[in-house]
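Fold and geometry: a report
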Amino acid sequence: SIQGGQWPIVVAVHVVVVAIAGLVLLGYFGASIQASPDGIRERGFFRRVRESPIAEIGSILLLEIYRDSALDTQPQLFVCDHQGRLLLRMRGMFWSRTDMDAVIAQLDVPIDVADGTFTMADLRRTRPELLYWFERFPRLPAFWARARA
């Protein structure tokens, strides 16, 4: 039981937490990718819209990547420009293989389906430009935690 006079604080914290959870859900379910022969349009988690016309798209790379500390894999699709810079990434934890195949079918660009399965360490070593900044430096959070202690 909460002592008298503390209820307003508990209710306020509860309302803030529920509001944040609602915003997270809106962002998650609002994310989308639209592919057409003209290019791709991505609405990201934070509602940012990025469009890439087909003329900017140079290649597609489809990999099977081991999940962290697991034996099963997830597909990941990387759409890159002509210089190899990442335009779009579809991770198997959020997008199905069917979704990835639908994007591939719409874009008339070279596709590289890599043989074999890769780890994140393999990807960090061979194609770090395809990863998010925090995936390039996996030990950074542990370093920060030790530095603050």
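The coordinates are above.
As a starting point, this report considers the structure included with it. If you're wondering where the values come from, they're calculated on a predicted model, not measured in any experiment.

Right, let's get into the sheet that holds strand β6 (residues 86-91). Overall, mixed pairing links the 4 strands, which are arranged β6-β5-β4-β7 in an open sheet. Whereas interior strands pair on both sides, the edge strands pair on one side only; in this sheet they are β6 and β7 (111-118). Neighbour to neighbour, the strand axes of the sheet diverge by 15° on average, direction disregarded. Pairing between strand β5 (residues 73-81) and β6: 5 bridges, direction antiparallel. Within β6, the position partnered with phenylalanine 78 by the bridge is arginine 89. Helix-sheet contacts for helix α2 (residues 97-106) involve β4 (57-66), β5, β6 and β7, and the interaxial angle to β5 is about 25°.

Glancing now at the pattern of salt bridges. Enumeration over the complete set of coordinates arrives at 8 salt bridges. With a closest N to O distance of 3.3 Å, arginine 41 and glutamate 51 form a salt bridge. With arginine 41 in strand β2 (residues 39-43) and glutamate 51 in strand β3 (residues 49-53), the pair connects residues that are 10 residues apart, well separated along the chain. Looking at arginine 41, the relative accessible area reads 29%, which means it is partly exposed. Here arginine 125 ties to aspartate 122 by a salt bridge, and the two come within 2.7 Å at their closest N and O atoms. Highlighted residues: arginine 125 and aspartate 122, both in helix α3 (residues 120-126), separated by 3 residues, approximately one helical turn. Here aspartate 122 falls in the buried class, since its relative accessible area comes to 19%.

What follows is about a nonpolar patch on the surface. Taken together, the side chains of Val16, Ile20, Val24, Leu25, Tyr28, Phe29, Phe45, Phe46, Met93 and Phe94 make up a nonpolar region of the molecular surface, amounting to roughly 1100 Å² of accessible area. When you line up the elements, phenylalanine 94 lands in the loop between β6 and α2. With a relative accessible area of 41%, phenylalanine 94 lands in the partly exposed category.

Here aspartate 81 is to be found in strand β5. By relative accessible area, aspartate 81 is classed as buried at 10%. At 2.9 Å, the side chain of aspartate 81 and the backbone nitrogen of glycine 84 are in polar contact. A polar atom in the side chain of aspartate 81 sits 2.7 Å from the backbone nitrogen of arginine 85. Every residue in contact with aspartate 81, bar those within four places of it in the chain, is listed here: Glu56, Ile57, Gly58 and Leu87.

As a further point, take the sheet that holds strand β1 (residues 32-36). Strand order in this open sheet of 3 strands is β1-β2-β3, and the pairing throughout is antiparallel. On the outer flanks of this sheet lie β1 and β3, each paired with one strand and no other. Strand-to-strand twist across the sheet, computed as the mean angle between neighbouring axes with direction ignored, equals 10°. Bridge analysis of β1 against β2 gives 5 bridges, and the strand direction is antiparallel. Among the inter-strand pairings, alanine 35 is bridged to a residue of β2, identified as isoleucine 40.

What counts and what doesn't
Residues numbered from 1 in each chain as written. Predicted model: local features only at pLDDT ≥ 70, side-chain atom pairs only at ≥ 80, totals over all residues. Heavy atoms only, no water. Pairing = 2+ DSSP bridges. Helix = DSSP H or I, 4+ residues; strand = E, 2+ residues; numbered from the N terminus. Axes fitted to C-alpha atoms, helices over the stretch in contact; angles between N-to-C directions. Contact = heavy atoms within 4.5 Å. Salt bridge = Lys/Arg side-chain N within 4 Å of Asp/Glu carboxyl O. Buried < 20%, exposed > 50% of the residue type's maximum accessible area, 1.4 Å probe, protein only. Patch = residues over 30% accessible without salt bridge, like charges linked within 9 Å, V, L, I, M, F, W, Y side chains within 5 Å. Areas by Shrake-Rupley, 256 points an atom, 1.4 Å probe, with all protein chains shown as cover. Polar contact = N/O pair within 3.5 Å; in protein donor to acceptor, adjacent residues only side chain to side chain.

By themselves, these figures tell us nothing about what the structure is for.
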